[in-house]
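Residue-level listing of the chains:
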Amino acid sequence: MHNHLLLLLVAGAGGDKPFAKASPSPLSRVLRISQLDAFELDGALEQLVWSQFTQCFQHFKPGLLTPVEPELKALLQLLLWRFTVYSNSATVGQSLLNIRYKNTLIPGEKYRPMSRPQKFWFALLTVGEKWLRERSNSLFLNHPAESNARKARKILTILTGLTKLASLVNFLLRPQGPRDINFQFLNRELLWHGFAEFLIFLLPLVNVWKLKASVTALFSPLNDLRGTKGSDDTYCTECAVCGEWPTMPHSIGCNHVFCYYCLKSHTIADVCFTCPKCATKAGTIEPVRIHIGTELHQS
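Residues numbered from 1 in each chain as written. Predicted model: local features only at pLDDT ≥ 70, side-chain atom pairs only at ≥ 80, totals over all residues. Heavy atoms only, no water.

Undergrad: Help me out: how do you make sense of the packing of helix α2 (residues 69–83) against helix α5 (residues 116–139) in this one?
TA: Packed helices, taken two at a time, are described by their axes: the angle between them and the distance between them. Across the interface, α2 lies against α5 with an axial gap of 9 Å and an inter-helix angle of 160 degrees. The angle between α2 and α5 places the two elements in the roughly antiparallel class. As for the relative orientation of α2 and α5, their crossing is right-handed in sense. From α2, P70, E71, K73, A74, Q77, L78 and W81 reach across to α5, where they touch K119, F120, F122, A123, V127, K130, W131, E134 and R135. For the contact of α2 with α5, the residue count by class is nine nonpolar, one polar and six charged. (Axes fitted to C-alpha atoms, helices over the stretch in contact; angles between N-to-C directions. Helix = DSSP H or I, 4+ residues; strand = E, 2+ residues; numbered from the N terminus. Parallel < 35°, antiparallel > 145°, perpendicular 65-115°, else oblique. Left-handed = near helix turned anticlockwise from the far one by under 90°. Contact = heavy atoms within 4.5 Å. Nonpolar A, V, L, I, M, F, W, Y, C, P; charged D, E, K, R; others polar.)

See below:
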């Protein structure tokens, strides 16, 4: 990365302390593995933002974003830069690993954040370089092989390669301090995975259907029920489970009807099945009659 040529990554000497409470003591250098992890996290975030952005246009004409794709990517990267490096002198990946950029132009042991010109140079050498590399493919595509535009593209390719080589050399030759291991990110990941495993174990034990039925019955007034409980005829014209016209209508003792297959499958899956409309516990399953116009049909 081009930012290695200008800035130095440093980690807070306080270990797990946040940046705002970093002490003025000497700051330790960052391990290379932490820098690589931060780069990977930043790349994953950019891909995630771009994928979510393109999903907003998935129902539009295919190829709608292709002509302006480099500009849109640069705009999203500038948006990330505005709320990360420009605000906190650290990218999202660096913030997760408790590292940030230091202004080495100001001497002293105390931490100094990046200056505003350095932040703009950072955006120019990262976002601008990516945009120029992607846009150059279409800018110089229609020019003859011996034209000045093709020569400019070759020069640009050489300069990009030299810059990447200088970045690699700078990354390998940078001195490292002692291996001060920071467990803040690791602890956060362990906590999240433990919580996820707890939910995976707990959710199958929760009777979601019964909980939904109880909540529905709690907020549904009982006086809206059709018919009279205990009567021979039931005038409900939709299944209390699927909401469709009941096929082979049956009842469990309340004023609601069910499709035979809906009722049978739910009572087999849940021995304590209750009506999702009125929370009546399932009793004897009996066929019911439904009025259709002036005709009365017996199922």
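Further notes follow.
Undergrad: What should I look at first to understand a nonpolar patch on the surface in this one?
TA: On the surface, W192, F195, F198, L199, F201, L202, L203, L205, V206, V208, L211 and V215 cluster together into a nonpolar patch covering about 1200 Å² of accessible area. If you list the elements that add at least two residues to the nonpolar patch, you get α7 (184–202) and α8 (208–219). The element contributing the most residues to the nonpolar patch is α7, with six residues. Within the secondary structure layout, L211 lies in helix α8. Given a relative accessible area of 52%, L211 falls into the exposed group. (Patch = residues over 30% accessible without salt bridge, like charges linked within 9 Å, V, L, I, M, F, W, Y side chains within 5 Å. Areas by Shrake-Rupley, 256 points an atom, 1.4 Å probe, with all protein chains shown as cover. Salt bridge = Lys/Arg side-chain N within 4 Å of Asp/Glu carboxyl O. Buried < 20%, exposed > 50% of the residue type's maximum accessible area, 1.4 Å probe, protein only.)

Undergrad: I'm lost on the packing of aromatic side chains in this one. Help?
TA: Each aromatic ring pair is characterised by the separation of its centres together with the angle its planes make. Within this structure, the stated rule accounts for 10 aromatic pairs. Ring centres of F258 and F273 lie 6.1 Å apart, and the angle between their planes is 70 degrees; this geometry places the pair in the edge-to-face category. Here the residue F258 occupies a position in the loop between β4 (250–251) and α9 (260–269), and F273 occupies one in the loop between α9 and β5 (286–287), the gap between them amounting to 15 residues. Under the relative-accessibility criterion, F273 is labelled buried at 1%. By the ring-pair criterion, three or more aromatic residues cluster together here, those being W50, F53, F57 and F60. Over the ring of Y86 we find K119; its NZ or CZ atom is 5.4 Å from the centre of that ring. (Phe/Tyr/Trp six-rings, centres within 6.5 Å; stacked < 30°, edge-to-face > 60°. Lys NZ or Arg CZ within 6 Å of the ring centre and 35° of its normal.)

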